[in-house]
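# Fold and contact review
If you want the building blocks of each chain, they are given just below.
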Amino acid sequence: MVSTPHAPRLEDHGLMAAQARRETMVKHSLVGYDGSDVSRRAFQFAIDLARCSGGRVRVVSVLQVTEGGTDVSALMIADSGTRRAQELLQELAAVVPDAADMVDVELIYGSPGDVLLSQVEQHGIDHIVIGHTERGALARWLLGSVSGNVLARAHVPVTVVR
């Protein structure tokens, strides 16, 4: 076989393909976690993906304050925040016991879709993993769908786990 400086060799294609795969691998996934079975599956999926790509997983649990004045909200935040953070770490360790070194966890108060999407810019997220639970049409209309909201507004790839 004759090789010229301008003609790529077969081996070069393999090296270029490997380089392209490394550059396009997911490095930082975000998981919206609410403690449901489907969010546990989403977390497991993100961990498996991170192990394949050498990436990290950021788990965000969004706590919604729906009604009440600022005094009630402040009490809820102070009372449940620390306890919920400890419970969340225990839950995640039960799902994947050996993943603590690749996981960041945060509890945030707000609207789930808005919080998850704001995390993309704030933390360099390049992939979102969220669970989807089936609700009836009335519940979807009244409450909305976090996964639908995120899918419609995200500027990074989104994986919806059922």
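For the structure, check the block above.
Structural notes, computed from the coordinates.

### Points about the nonpolar core
Most often, soluble globular proteins have nonpolar side chains that are buried together. Residues V31, F43, I47, V57, V59 and V103 are the most contacted members of the largest nonpolar core, which totals 19 residues. Of all the secondary structure elements, the ones that give two or more residues to this core are α2 (37-53), β2 (56-63), α3 (70-95) and β3 (103-109). Dropping the residues within four chain positions of it, V57 is found in contact with H28, S29, V31, F43, A46, I47, A50, M102, V103 and D104. Formed by 14 residues, the second largest nonpolar core is a distinct cluster that contains V62, I108, L116 and I128.

### Digging into the environment of G148
Within the element layout of this structure, G148 appears in helix α6 (residues 146-153). Using a relative accessible area of 34% as the deciding quantity, one classes G148 as partly exposed.

### Comments concerning the side chain of R58
Mapped onto the elements of the fold, R58 is located in strand β2. Beyond its immediate stretch of four places on either side in the chain, R58 contacts H28, S29, L30, V31, D104, E106, Q119, H123 and I125.

### Examining the pairing of β2
Most of β2 is tucked away, with seven of its eight residues classed as buried. For strand β1 (residues 28-32) and β2, the ladder comprises five bridges, and the chain directions are parallel. Looking at β2, one finds that L30 is bridged to R58. With respect to chirality, the unit in which β1 leads through α2 into the neighbouring parallel β2 is right-handed. Pairing analysis gives seven bridges linking β2 to β3, with the strands arranged parallel.

Cut-offs used in this document
- Residues numbered from 1 in each chain as written.
- Predicted model: local features only at pLDDT ≥ 70, side-chain atom pairs only at ≥ 80, totals over all residues.
- Heavy atoms only, no water.
- Core = buried A, V, L, I, M, F, W, Y, C linked by side-chain atoms within 4.5 Å.
- Buried < 20%, exposed > 50% of the residue type's maximum accessible area, 1.4 Å probe, protein only.
- Helix = DSSP H or I, 4+ residues; strand = E, 2+ residues; numbered from the N terminus.
- Contact = heavy atoms within 4.5 Å.
- Pairing = 2+ DSSP bridges.
- Right-handed = clockwise from strand over helix to strand, strands pointing away.

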